[in-house]
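What follows is each chain in one-letter form.
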Amino acid sequence: MVTVLLVVFGFFAGMLGALTGIGGGVLLTPILALHFGVPIRQAIGTSLVAVITTSAASSSVHLQRHTTDIRLGMTLELATSLGAAVMAYLVGYFNRSVLEGLFVAFLLYSSFTILRSGGKLKSDEDSAMLSVNGEIPPYEPQRYPLGLSASLVAGALSGLLGIGGGPIKVPVMFIFMNVPLMVATATSNFMIGVTAAASAIVYYRRGDIQVEIAAPLAVGVFLGSLLGARMAPRVQTKVVVYLLVAVMLYLATHLGVHLLREVL
Amino acid sequence: MSQVREPAFDRAVALVLRVGAFTCFFVMLAGLIDGLFMKGHIPLDIERTGVLLMLATPVVRVAVACFLFFREKDYKYGYVSLGVLVILLLGSVFGLGEH
């Protein structure tokens, strides 16, 4: 029964993720922690598996459109995977309350960022997709030191919270490294799999990935993100984004209360 | 140099990811179905295989890109890929024994 529920939750998280362009990892970890009684550290490790699944499926699509800069991605992966692996290792020494507190802060921060921008989360992705048929303008990535530093932080966040980190990498490549948005989006997606794998391997070796939960979750996320990607052009994005924010705020509140009960 | 696009290169890497994702999906699905309908079986091993394949897919992707870069004599990016591969493999060594 739990298995079926996990597939269903994974499915909706994957669909919301694909519709809004904000990976499903943000939702999976707190749902596992709150509703399936998984300790937060194992919830993070387990949702990393679903993040890898989504990235592999979606970046193969981007690659076939030839919008991914493999060389740039590989270079920045040096930093993201290092950050992710080191942070995943350190997380072994964090206590549960600290991790839950960080996650609550992250959920609140993401919600307010989206609300402040008026729900225009997907506009970037949209314009990136619109120009898919157009030519990619010639470019030369610039400011590698800055890009690598930001990637280190994005990787560390991924290892800490079990998320993809796209919202950091895309703007850094686009604004600071002079990479076209379409390429930045595809390349960020490409990097997420390796980044998540770098930390997931550490979590797995520590016994922080619950296989019996990861498998149904990944199956659901895989199906949900496939469907979400197909539905995306026909769905009112703003409504979905507000739905996502509502879910995130609910999870933040619930996790916050849970945390307070634990600490007090 | 960076913006040079090589369709064959892209396709090879895409193939690794696609095969990885779909194989894992079906292996995990098989594990689930086994767990739901075949009582008394141990689907955990099948599911574990699926999860391990999923963790291995990005590693294989980096290894394939590394091989392709060296074959193209693009040594700079060959070594970059090798570096990523080393970080990934080190993670599996140092993650050990922290239960």
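The structure presented is a predicted model; accordingly, all values stated were derived computationally and were not measured.

Peer 1: How would you explain the interface of chain B and chain A if you had to name every residue and give the values?
Peer 2: Counting residues at the interface gives 48 residues for chain B, matched by 49 residues for chain A. Elements supplying a minimum of two residues to the side of chain B that touches chain A: helix H1 (7-37), helix H2 (44-71) and helix H3 (75-94) of chain B. Its residues assigned to classes, the side of chain B that touches chain A comprises 28 nonpolar, 13 polar and 7 charged.

Peer 1: Give a description of the confidence of the model for chain B that names residues and reports values.
Peer 2: Taken residue by residue, chain B gives an average pLDDT of 84. The fraction at 70 or more is 84%. When pLDDT is averaged over each helix and strand of chain B, the minimum, 88, is found for H1(B) and the maximum, 92, for H2(B).

Peer 1: Can you tell me about the environment of Val16(B), naming the residues and giving the values?
Peer 2: Residues and elements named next belong to chain B. Here valine 16 shows up in helix H1. Linking valine 16 and valine 62, residues 46 residues apart in sequence, is a C-alpha distance of 9.8 Å. Contact partners of valine 16, with chain neighbours within four places excluded, come to Val60, Arg61 and Val64.

Peer 1: Mind laying out the packing of helix H3 (residues 40-64) of chain A against H1(B), listing which residues take part and the relevant values?
Peer 2: Between H3(A) and H1(B), whose axes approach to 8 Å, the crossing angle comes to 150 degrees. Taken together, the axes of H3(A) and H1(B) are roughly antiparallel relative to one another. For H3(A) against H1(B), the interelement crossing comes out left-handed. Here Thr53(A), Ala56(A), Ala57(A), Ser59(A), Ser60(A), Leu63(A) and Gln64(A) of H3(A) lie close against H1(B), whose contacting residues are Asp10(B), Arg11(B), Val13(B), Ala14(B), Leu17(B), Arg18(B), Gly20(B), Ala21(B) and Cys24(B). Tallied by class, the residues present in the contact of H3(A) with H1(B) amount to 8 nonpolar, 5 polar and 3 charged.

Peer 1: Describe unusual backbone geometry, with residues and values.
Peer 2: Phi angles above zero are rare outside glycine, and Asn178(A) is one such case at about 70 degrees. Of note, Asn178(A) is situated in the loop between helix H8 (166-176) and helix H9 (181-205). Phi at Lys73(B) takes a positive value of approximately 60 degrees, unusual for a residue other than glycine. In this structure, Lys73(B) sits in the loop between H2 and H3. In this structure Lys73(B) comes out as exposed when scored by C-beta crowding, with 7 C-beta atoms within 10 Å.

Definitions and cut-offs
Residues numbered from 1 in each chain as written. Chains lettered and ligands numbered in written order. Predicted model: local features only at pLDDT ≥ 70, side-chain atom pairs only at ≥ 80, totals over all residues. Contact = placed C-beta atoms within 7 Å. Helix = DSSP H or I, 4+ residues; strand = E, 2+ residues; numbered from the N terminus. Nonpolar A, V, L, I, M, F, W, Y, C, P; charged D, E, K, R; others polar. pLDDT = per-residue confidence, 0-100. Axes fitted to C-alpha atoms, helices over the stretch in contact; angles between N-to-C directions. Parallel < 35°, antiparallel > 145°, perpendicular 65-115°, else oblique. Left-handed = near helix turned anticlockwise from the far one by under 90°. Buried ≥ 20, exposed ≤ 12 C-beta atoms within 10 Å, placed from the backbone.

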